[in-house]
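# A structural walkthrough
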Amino acid sequence: MQSEREAGTICEAVQRWADRDRDAPVFLAENQSPLSYGALAELVDRFGRTLNAAGYGRGDRIGIVHSGGAAMASTLLGVASRATAVPLSAAYTVGEYAIHLHDRGVKALIVEAGMDTPARAAAAQRGIQVLEVATVDDSVAGKVMLRPGPEQTPGHSGGASADELMLVLATSGTTSQSKIVPLRHRHIMLRSATTVNFMKLGTDDRCVNLQPLTYASGLYNLCASLLSGGSVMFLPRFNVATFFRYLEGVGPTWYTGSYTFQHSIHAQAPNFEEPIRKSHLRFIRTSSGALVSQIA
C-alpha cells in the first residue's frame, strides 16, 4: 500500500495528509469545529518538542490519564511522536495505578488538567513526575497543549522511528493475570494498513469510534482512520441516544464498538428509525466478543 511505504509512523502519516490538504478534517465533535490535519500535525510537533524539553524522549514510556475523546487522541499522538505512549484507564484506584506504573515502566505521567484522579497520588508514591495536558480552545475538537515542565535534556530527542515502541498496553486480565503488550510503530502501521485495505477506507470516510483509547481496538480504529486520511469522532461514554444523534448529525460511513454496545444499539434501533433511514453507513465493525445470531 502506498501510504504504508510513505509513512513509517502514524504521526508521519498525519503530516503527509496535512501536506496534501491541511484543511481536511480529522477530529469531529458535537458543538465544536473540526480539527484539521494541518492543525493536528502542528499540535503533535509542538507537543513532542515540549515533551523533549521536559527531559523525555524516544524510549521513555509516558503514562496518560485522560477522560477521553478527541483531546485524548491528540495527546496520544503527541506523546507517540517522540516517546512511547502508555494509556491508562481513568477508573483505576491508587493501588491499580501503582501496579501499572511499575509493570509498564512508566517514566513520567501526563494527566488531563484539572482532573481529580488517584493517578497523581500513585505517581507521587513512585517519584514519577506529573505533567498536565490542557484544552486550549473549547471551540475546536481535540485542540490541546502540553504544559511545559522544568527543562531537562532527554536521553533521545527527535521523532520516533518505525522500529521503536509506540504503545505499551495491558490485557484485561479476565482469563488470567494481565499481560504487558508492547507495540511498535511498524506493527501499528501494518495492522492499520490491513484495515484500510480490507474496508476500502478513504478520505471521505467518517468513523464513530465507540471504543476507549485505552483499548487496543479503539487505538487501531483511530490509526486506521488517520492512515486513510479520513475523520473520526469519539464517544467517551457510551449512550444509545447519543450514538443515534451522531448517526444522523455527523453522517458517519462506519462505526465500531464492542459486542455489548452492538447489542444495546440493536435493541434500541426500533426507537430510532429516522436516524437509521438517513444514515450513510457502509459497514459496522465489532470487537471484544461475538454477536448473537439475531444481530450477526
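Before reading on, note that the structure itself is shown above.
Residues numbered from 1 in each chain as written. Predicted model: local features only at pLDDT ≥ 70, side-chain atom pairs only at ≥ 80, totals over all residues. Heavy atoms only, no water.

Turning our eyes to something else, we now look at unusual backbone geometry. Positive phi outside glycine occurs at Asn31, with the angle close to 60°. Structurally, the position occupied by Asn31 is in the loop between β1 (25–28) and β2 (35–36). For Asn31, a relative accessible area of 82% corresponds to the exposed category. (Helix = DSSP H or I, 4+ residues; strand = E, 2+ residues; numbered from the N terminus. Buried < 20%, exposed > 50% of the residue type's maximum accessible area, 1.4 Å probe, protein only.)

Throughout the structure, instances matching the rule amount to 1 cavity of 30 Å³ or more. Size it by volume and the largest cavity reaches roughly 40 Å³. Around the largest cavity, the lining residues are Ala73, Leu76, Leu77, Ala80, Met166, Leu167, Leu219, Leu222 and Cys223. Elements with a contribution of two residues or more to the lining of the largest cavity: α4 (70–80), β8 (165–170) and α8 (216–228). Taken together, the residues that form the lining of the largest cavity break down as 9 nonpolar, no polar and no charged. (1 Å grid on protein atoms, 1.4 Å probe; cavity = no way out; pocket = protein on both sides within 12 Å on 5 of 7 lines; lining within 4 Å. Points joined across faces, edges and corners; volume = space filled by probe spheres on them. Nonpolar A, V, L, I, M, F, W, Y, C, P; charged D, E, K, R; others polar.)

Residue position: Phe244 is located in helix α9 (residues 240–249). In this structure the C-alpha to C-alpha distance between Phe244 and Glu273, which are 29 residues apart in sequence, comes to 9.6 Å. Those residues within four positions of Phe244 in sequence are excluded, and the remaining contacts are Ile265, Ala269, Phe272, Pro275 and Ile276. (Contact = heavy atoms within 4.5 Å.)

This structure, assessed with the given rule, holds 7 aromatic pairs. Aromatic pair Phe27 and Phe234: ring centres 5.7 Å apart, planes at 65°, arrangement edge-to-face. A residue pair is termed long-range when its members are at least 10 positions apart, and Phe27 in strand β1 and Phe234 in strand β11 (residues 231–234) qualify at 207 residues. Judged by relative accessible area, which is 0%, Phe27 ranks as buried. Note on Phe244 and Phe272: the rings are 4.4 Å apart at their centroids and 5° apart in plane angle, and the pair reads as stacked. Placement of the pair is Phe244 in helix α9 and Phe272 in the loop between α10 (259–268) and α11 (273–278), with a sequence separation of 28 residues. Clustering of aromatic rings is evident, with ring pairs tying together Phe243, Phe244, Tyr255 and Phe272. Between Arg16 and the ring centre of Trp17, over which it is positioned, the NZ or CZ distance is 4.7 Å. Seen from the ring of Tyr220, Arg191 lies directly overhead, with NZ or CZ sitting 4.1 Å from the centre. (Phe/Tyr/Trp six-rings, centres within 6.5 Å; stacked < 30°, edge-to-face > 60°. Lys NZ or Arg CZ within 6 Å of the ring centre and 35° of its normal.)

Here we come to the sheet that holds strand β10 (residues 206–209). With respect to topology, 6 strands assemble into an open sheet ordered β2-β1-β11-β10-β12-β13, the strand pairing being mixed. Looking along the sheet, the strands with just one partner apiece sit at the ends: β2 and β13 (283–287). As paired strands, β1 and β2 are joined by 2 bridges and run antiparallel to one another. The residue bridging Pro25 from the neighbouring strand is Ser36, located in β2. Its contacts with the sheet place α4 against β1, β2 and β11, and it is angled at close to 130° to β1. Relative to strand β12 (residues 254–258), α10 is tilted by about 115°, and along the sheet it contacts β12 and β13. (Pairing = 2+ DSSP bridges. Axes fitted to C-alpha atoms, helices over the stretch in contact; angles between N-to-C directions.)

For the rest of this paragraph, the subject is the side chain of Ser74. With respect to the helices and strands, the residue Ser74 is situated in helix α4. Once you skip the residues sitting within four places of it in the chain, Ser74 turns out to touch Phe27, Leu35, Leu40, Leu43, Gly142 and Val144.

What follows concerns helix α5 (residues 94–103). For α5, the set of buried residues is Tyr97, Ala98, His100 and Leu101. Those residues of α5 that are buried lie in contact with β3 (61–65), β4 (84–88), β5 (106–112), α6 (119–126) and β8. A positive backbone phi angle near 65° is found at Gly105, which sits one or two residues after α5.

Let's shift gears to the pattern of salt bridges. Under the definition given, this model contains 13 salt bridges. As a salt-bridge pair, Glu164 and Arg58 come within 2.8 Å of each other at their nearest N and O atoms. Of this pair, Glu164 sits in the loop between β7 (144–146) and β8 while Arg58 sits in the loop between α3 (37–53) and β3, and the two are 106 residues apart along the sequence. Residue class for Arg58 comes out partly exposed when judged on its relative accessible area of 24%. When salt bridges that share partners are traced, they join Glu248, Glu274, Arg277 and Lys278 into one network. (Salt bridge = Lys/Arg side-chain N within 4 Å of Asp/Glu carboxyl O.)

With that settled, consider the packing of α5 against α6. Between α5 and α6, the shortest axis-to-axis distance is 8 Å and the interhelical angle comes to 50°. In this view, α5 runs oblique relative to α6, as classed from their interaxial angle. Helix-helix and strand crossings are classified by hand; for α5 and α6 the assignment is right-handed. Residues Val94, Tyr97, Ala98, Leu101 and His102 of α5 form the contact with α6, whose participating residues are Ala119, Ala121, Ala122, Ala123, Gln125 and Arg126. Considered class by class, the residues forming the contact of α5 with α6 number 8 nonpolar, 2 polar and 1 charged. (Parallel < 35°, antiparallel > 145°, perpendicular 65-115°, else oblique. Left-handed = near helix turned anticlockwise from the far one by under 90°.)

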